[in-house]
Amino acid sequence: MPLHIVFMGTPDFAVPTLVELAGAGHEIAAVYSRAPKPAGRGMDLQDSPVAREAKRLGIPVLTPSTLKSADAQAEFAAFDADAAVVVAYGLILPIGILDAVPLGCFNLHASLLPRWRGAAPINRAIMAGDAASGVMAIKMDAELDTGPVGGVERLTIGADMTAGELHDKLALLGADLMLRTIGALERGALTLTPQAAEGVTYASKIDKNETRIDWRKPWREVHNHIRGLSPFPGAWFEIKGESGPVRVKVLRTTEASGKGAPGSVLDDRLTIACGEGAIRILELQRAGRQPMKADEFLRGSTLRTGNAVG
């Protein structure tokens, strides 16, 4: 018999899971999401991707600023749900919420726990040069990403894969995993396995102060830093402009041959020297412009072989 579920999520990453659960016939009593935020040229308030999808599906949407109050917890409990599914929601779930559903709250986390608990597991996995990532469905407890595991799917991280590409693959993989996890829960056949005690790491939120490219580092670290921040928030360097420095985001790179002073342009294909080795920039974005390929960028830039980027 389909379960009566409360879904809690906010960004694009969570949308496929909501769609899969609704499509499988589970009754989504309500969707919780973060409140609308100003966006676009007019800075009008815009619903989150999950809220937009929920409204398209005809599901009630709630956007509380906190779940800690007695009123918020009573409102949640009133849905009389069997379980809750949480995917990148953005608010901490207090014990009063976790205990309000008899079958538990199940979180889809984008890493191979216990590695990369926390806010930015996709970015941190690539920035660290991990060879693999994945998604896990865990039953939530009072701590951060520590609950027992109900299912896992693994994925190889390609040598040039960006955080955006890994995000999109894991979103689809995770939707299927959560659907199967909730199906097993519905049948009374879900097995939960404690997380390993060793190998715990934390994926702290990306700070804007760590986004500038440090060309003094070895090429592999520079490459991983760039692809781990692509497309958002974006790793960047500066070039000279007519009215001052111009910030340029780097969206895609690959290993290249050559050596020189860190940050120097080595050829007309936008190969940049690092502290050890070099990378070739394949795609980038000047501030206020659309993303473009390296050859297109060079046609409109004064950057030439022998110049340096900062």
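Preceding block: the structure.
Counting restarts for each chain: residues are numbered from 1 in the order of the written sequence. The predicted origin of the model limits local features to residues at a pLDDT of at least 70 and limits the giving and counting of side-chain atom pairs to 80 or more, whereas totals for whole chains, interfaces and linings rest on all residues. Each side-chain value is worked out from all heavy atoms of the structure, with water and hydrogens disregarded.

Trainee: Even after reading the chapter, I still don't get the sheet that holds strand S7 (residues 105-109), so can you show me in this structure?
Mentor: One key point about sheets: their strands pair by backbone hydrogen bonds, in either a parallel or an antiparallel sense. Pairs of strands are assigned from DSSP output, requiring at least two bridges between the strands. The helix count covers DSSP runs of H or I at least four residues long, the strand count covers runs of E at least two residues long, and both are numbered beginning at the N terminus. A sheet is described by the order of its strands in space; here 7 strands give the open sequence S5-S2-S1-S6-S7-S9-S10, paired in mixed fashion. Of all the strands in the sheet, the pair left with one neighbour each is strand S5 (61-62) and strand S10 (149-156). As paired elements, strand S6 (residues 83-87) and S7 share 3 bridges and run parallel to each other. The partner of alanine 84 across the bridge, within S7, is cysteine 105. Against the sheet, helix H1 (residues 15-23) engages strand S1 (4-9), strand S2 (27-32), S6 and S7, with an angle of about 160° to S2. Any two residues whose heavy atoms approach within 4.5 Å are treated as being in contact. In this description, a line fitted to the C-alpha atoms serves as the axis of each element, helices being fitted only across the stretch in contact, and the angle between N-to-C directions of two axes falls anywhere from 0 to 180 degrees.

Trainee: Before we go on, may I ask you to explain the packing of aromatic side chains in this structure?
Mentor: Remark: the centre distance and the inter-plane angle together describe each pair of aromatic rings, the angle taken between the planes. Only rings of Phe, Tyr and Trp enter the pairing, Trp through its six-membered ring, and a pair is recorded when the two centres are within 6.5 Å. The plane angle decides the type: under 30 degrees is stacked, over 60 is edge-to-face, the rest tilted. Counted under the stated rule, the structure contains 3 aromatic pairs. With 5.7 Å between their ring centres and 65° between their planes, tyrosine 32 and phenylalanine 76 make a pair best called edge-to-face. Of this pair, tyrosine 32 sits in strand S2 while phenylalanine 76 sits in helix H3 (residues 70-77), and the two are 44 residues apart along the sequence. Accessibility classification places tyrosine 32 together with phenylalanine 76 in one group, the buried group. Ring pairs connect the aromatic residues Tyr32, Phe76 and Phe79, which therefore count as one cluster. The positively charged end of arginine 247 is found above the aromatic ring belonging to tryptophan 236, 3.6 Å away from the centroid. Only protein chains enter the calculation, and the probe is 1.4 Å; a residue is then buried if its accessible area is under 20% of its type maximum, exposed if over 50%, and partly exposed in between. Comment: the charge-over-ring label is applied if NZ (Lys) or CZ (Arg) is within 6 Å of the ring centre and within 35 degrees of the ring normal.

Trainee: Please explain the packing of H1 against helix H6 (residues 163-187) as it appears in this structure.
Mentor: Axes are the key here: two packed helices are described by the angle between their axes and the distance separating the axes. Contact pair H1 / H6: the axes reach a minimum separation of 8 Å and the direction vectors enclose 35°. Considering how the two elements wind past one another, H1 and H6 form a crossing that is right-handed. When H1 is examined against H6, the residues Pro16, Thr17, Glu20 and Leu21 are found in contact with a partner set consisting of Ala171, Leu172, Gly174, Ala175, Met178, Leu179 and Ile182. By definition, any crossing whose near helix is turned counterclockwise from its far helix by less than a right angle is left-handed, and any crossing with a clockwise turn is right-handed.

Trainee: Would you mind showing me how to read the environment of leucine 172 here?
Mentor: Checked against the element boundaries, leucine 172 lands in helix H6. Placed 152 residues apart in sequence, leucine 172 and glutamate 20 show a C-alpha to C-alpha distance of 9.6 Å.

Trainee: Could you clarify how one ought to interpret the nonpolar core in this entry?
Mentor: Within soluble globular proteins, side chains that are nonpolar generally end up buried alongside one another. Phe7, Phe13, Leu18, Ile28, Val31, Val85 and Ile182 are the most contacted members of the largest nonpolar core, which totals 39 residues. Top element by residues in this core is H6. It accounts for 10 residues. Here, nonpolar core refers to any group of buried Ala, Val, Leu, Ile, Met, Phe, Trp, Tyr and Cys residues whose side-chain atoms link them within 4.5 Å. Listed in part, the 27 residues of the second largest apolar core include Met127, Ile213, Val250 and Val309.

Trainee: Before we go on, may I ask you to explain a nonpolar patch on the surface in this structure?
Mentor: Patch membership needs two things, relative accessible area over 30% and no salt bridge, and members are linked within 9 Å if like-charged or within 5 Å if nonpolar (Val, Leu, Ile, Met, Phe, Trp, Tyr). Surface accessibility follows the Shrake-Rupley procedure with a 1.4 Å probe radius. Residue values consider only the protein chains on display as shielding. Definition used for salt bridges: Asp or Glu carboxyl oxygen within 4 Å of a side-chain nitrogen of Lys or Arg. A contiguous nonpolar surface patch, about 280 Å² in accessible area, is contributed by Leu144, Val200 and Tyr202. Relative to the assigned elements, tyrosine 202 resides in strand S11 (residues 202-203).

Trainee: Mind showing me how you'd approach the side chain of aspartate 130 here?
Mentor: Looking at the secondary structure, you find aspartate 130 in the loop between helix H5 (121-127) and strand S9 (132-139). Aspartate 130 sits in the buried class, given a relative accessible area of 12%. Two N or O atoms count as a polar contact when they lie within 3.5 Å, although within protein this holds only if one can serve as hydrogen donor and the other as acceptor, and sequence-adjacent residues are included solely when both atoms are side-chain atoms. Among the polar contacts listed, one links the side chain of aspartate 130 to the side chain of arginine 115, at a separation of 2.9 Å. Sequence-distant contacts of aspartate 130, defined by excluding residues within four places in its chain, comprise Arg115, Trp116, Ala125 and Ile157.

Trainee: I would appreciate a short explanation of H3 in the present structure.
Mentor: For an α-helix the count is 3.6 residues per turn, leaving residues at separations of three or four pointing the same way. All of the buried residues in H3 are Ala72, Gln73 and Phe76. Seen end-on, H3 carries its buried residues on one side only, within an arc spanning 95°. When the buried face of H3 is taken as reference, the exposed residues oriented beyond 90 degrees from it are Ala70 and Asp71. Structurally, H3 contributes buried residues whose contacts are with S1, S2, S6 and helix H4 (95-98). This arc describes the spread of directions from the helix axis toward the C-beta atoms.

Trainee: Please explain the side chain of serine 33 as it appears in this structure.
Mentor: By the secondary structure assignment, serine 33 is in the loop between S2 and strand S3 (37-39). A distance of 2.6 Å separates a polar atom in the side chain of serine 33 from a polar atom in the side chain of serine 48. Here serine 33 is in contact with Gly9, Thr10, Ser48, Val50, Ala51, Leu62, Thr63, Pro64 and Tyr89, once residues within four sequence places are set aside.

Trainee: Even after reading the chapter, I still don't get the pairing of S6, so can you show me in this structure?
Mentor: Within a regular strand, the side chains alternate between the two sheet faces. The buried count for S6 comes to 5 of 5 residues, which makes it a mostly enclosed element. Sheet analysis places S1 next to S6, joined by 5 bridges and oriented parallel. When the sheet's bridge partners are listed, methionine 8 is paired in S6 with valine 86.

Trainee: Even after reading the chapter, I still don't get the pattern of salt bridges, so can you show me in this structure?
Mentor: Once their charged atoms are close, side chains differing in charge can pair, the charge on each being opposite to the other. All chains considered together, the criterion is met by 12 salt bridges. In this structure, glutamate 53 engages arginine 56 in a salt bridge whose closest nitrogen and oxygen atoms are separated by 2.5 Å. Placement of both glutamate 53 and arginine 56 in helix H2 (residues 49-56) is noted, with a separation of 3 residues, approximately one turn of the helix. Since its relative accessible area comes to 13%, glutamate 53 is described here as buried. On the accessibility criterion, arginine 56 (58% relative accessible area) is exposed.

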